[in-house]
Amino acid sequence: MAHAAPSARNGLWRAELAATLALAWPLALANLLQMLVHAVDVIFVARLGERELAASALGIALFGLLMWAFSGLTGIVAALIAEELGRRRHAVREVRRSVRMALWLAVVAGGVGMAICWFGEALMLASGQSAALSRRAGDFLQIIMWAMIPMVMASVLRNFVSALGRPIFATAITALALGASLLFNWMFVFGNLGAPALGLEGSALASVFTSLFVLASYVVAIGADRRLRRYRILGNWWRPEWTRLREIARLGTPVMVIIIAEAGLFSGAALLMGRIGESELAGHTVALQIAALAFQVPFGIGQAATIRVGYHFGAGDRDAIGRAGWIGIAVAAGFMCLTAAAMLFMPTLLLRIYVDPAAPANAAMVRFAVSYMIMAAAFQLFDGVQAVAAGALRGVQDTRVPMAIAIFSYWVPGFGAAIWLGFFTPLEGFGVWVGLAIGLVFSAALLTWRWALRDRIGLTARAD
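Computed from a prediction, not measured in an experiment: that's the story for all the values here.

Student: What is the right way to look at the packing of helix 3 (residues 77-87) against helix 7 (residues 148-163) in this model?
Tutor: The geometry of a pair of packed helices is captured by two quantities: the angle between their axes and the separation between those axes. Between helix 3 and helix 7, the least distance of the axes is 9 Å, while the angle of their chain directions is 30 degrees. The orientation of helix 3 relative to helix 7 falls into the category roughly parallel. In the packing of helix 3 onto helix 7, the handedness of the crossing is right-handed. Counted together, V77, A78, I81 and L85 of helix 3 and V156, N159, F160 and A163 of helix 7 form the full contact between these two elements.

Written out as structure tokens, the structure is:
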């Protein structure tokens, strides 16, 4: 009997690890596929010329930030669904209310995003872009803005199917979206299958059709699945649940602010690099793309941690809450150690994903990218840990203090160090990357510390 308790505890940890991995890998793969969907647009527009590619990049920067932020705002619904299912296994009505109000919020937020995109040309001019480039970016945004609402709504449905134990739907639908994006870009950018050749505007239109295809795919998948169908998430869609809507907005707004703060940090770093030199900026861009690719895995683990922690939070099991969070953090840290090793020991191989390292024209860019990837190794490790720690805290519906931690970490020690090391020391571009890493170290340490103190500071009090 003396060995029964440790054996039972080990079994619980193994079961939680299996449940986390089963949820995380389809979400991580879906995230990676989503990056390929965005890459398709770049590949097609790049063939139109530098100005069209630059206009597309500016438009996507604004559109992507808004869409990502609004997906964070509504994405807290995953924690609420998980809590409701943990509290009562067949919480059909409560889940339906949460999803319905998240969809309402997606429409409202998407509408705000469309209004911002409508004034895209003016925003580009205000940021110092040339008149010609601003006009093309504005034209692009006034078409792609119609994808905003369906994309944010699809994000809500992705959270619903994932929280209900069907994350593979997200993977399959994103894979189909990749094919749809290829088809629609081929049709509308260059004029195939009887479609007009619309160039840059055709790429924006392809994104709109792809977003509608993704939203429709989720609706069909939910209707075809026996377990998901019983929730009738579109039933009584006109009926307001103001308390639930306010709860989603209250918990989701800090998540949205965190996304904007982090995006602002990296946008600011790019501006700093641009002032240091063109080759440094090019090397920074490529190294950051590789880092972003690797980050999709811990991002998926963080999404899984939110759901697993939220489920145990609803069930009132403090021990299981801790297991779910720590396992997510450990899995992310382990994976990021592997990617860090790849960045340290085979950077040129990774660079081949995006550029030809042997081309003489790329020599300066590659040299800087390789040096930045030394810091990217540390950068990724801490970015992965902070992403999962934040996800675990969302599972216990703690978002306001993590927002404050993120803003402080990114913008005080992080961006402050990037400016000082980049412009007042010989480190220049490498110093900017040291600053980014410092910001993420602070964020990872503070968020993990808060997670470790969750019981002591009352975050799990409702789990009693």
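Student: What should I look at first to understand the packing of aromatic side chains in this one?
Tutor: In this description, a pair of aromatic rings is defined by centroid distance and the angle of the planes. Across all of its chains, the model carries 15 aromatic pairs by this definition. Taking 5.3 Å as the distance between ring centres and 40 degrees as the angle between the ring planes, the aromatic pair formed by F379 and W433 counts as tilted. Of this pair, F379 sits in helix 15 (residues 363-395) while W433 sits in helix 17 (residues 429-452), and the two are 54 residues apart along the sequence. W433 gets classed as buried once you look at its relative accessible area, which sits at 0%. One aromatic cluster in this structure is built from F266, F368, Y372, F379 and W433. Above the face of the Y231 ring, R230 is positioned so that its terminal group lies 5.6 Å from the ring centre. In this structure, R454 is placed above the aromatic ring of W451, and the distance from its NZ or CZ to the ring centre is 4.7 Å.

Student: Whenever I open this one, the nonpolar core confuses me. Can you help?
Tutor: What tends to happen in soluble globular proteins is that the nonpolar side chains get buried as a cluster. Membership of the largest hydrophobic core comes to 99 residues, with the highest contact counts inside it found for I81, V95, M148 and F160. Of all the elements, helix 4 (residues 92-118) adds the most residues to this core, at 11 residues. Those residues in contact with M148 that sit more than four places away from it in its chain are F63, L66, M67, F70, G110, G113, M114 and C117. If you look at the next biggest cluster of nonpolar residues, it comprises 42 residues, including L265, A269, A342 and Y372.

Student: I tried to follow a nonpolar patch on the surface on my own but got confused; where do I start?
Tutor: A cluster of nonpolar side chains, namely I407, F408, W411, V412 and F442, defines an oily patch on the protein surface of about 420 Å² accessible area. In terms of residue count, the dominant contributor to the nonpolar patch is helix 16 (residues 400-423) (four residues). Along the polypeptide, I407 turns up in helix 16.

Rules of the game
Residues numbered from 1 in each chain as written. Predicted model: local features only at pLDDT ≥ 70, side-chain atom pairs only at ≥ 80, totals over all residues. Heavy atoms only, no water. Axes fitted to C-alpha atoms, helices over the stretch in contact; angles between N-to-C directions. Helix = DSSP H or I, 4+ residues; strand = E, 2+ residues; numbered from the N terminus. Parallel < 35°, antiparallel > 145°, perpendicular 65-115°, else oblique. Left-handed = near helix turned anticlockwise from the far one by under 90°. Contact = heavy atoms within 4.5 Å. Phe/Tyr/Trp six-rings, centres within 6.5 Å; stacked < 30°, edge-to-face > 60°. Buried < 20%, exposed > 50% of the residue type's maximum accessible area, 1.4 Å probe, protein only. Lys NZ or Arg CZ within 6 Å of the ring centre and 35° of its normal. Core = buried A, V, L, I, M, F, W, Y, C linked by side-chain atoms within 4.5 Å. Patch = residues over 30% accessible without salt bridge, like charges linked within 9 Å, V, L, I, M, F, W, Y side chains within 5 Å. Areas by Shrake-Rupley, 256 points an atom, 1.4 Å probe, with all protein chains shown as cover. Salt bridge = Lys/Arg side-chain N within 4 Å of Asp/Glu carboxyl O.

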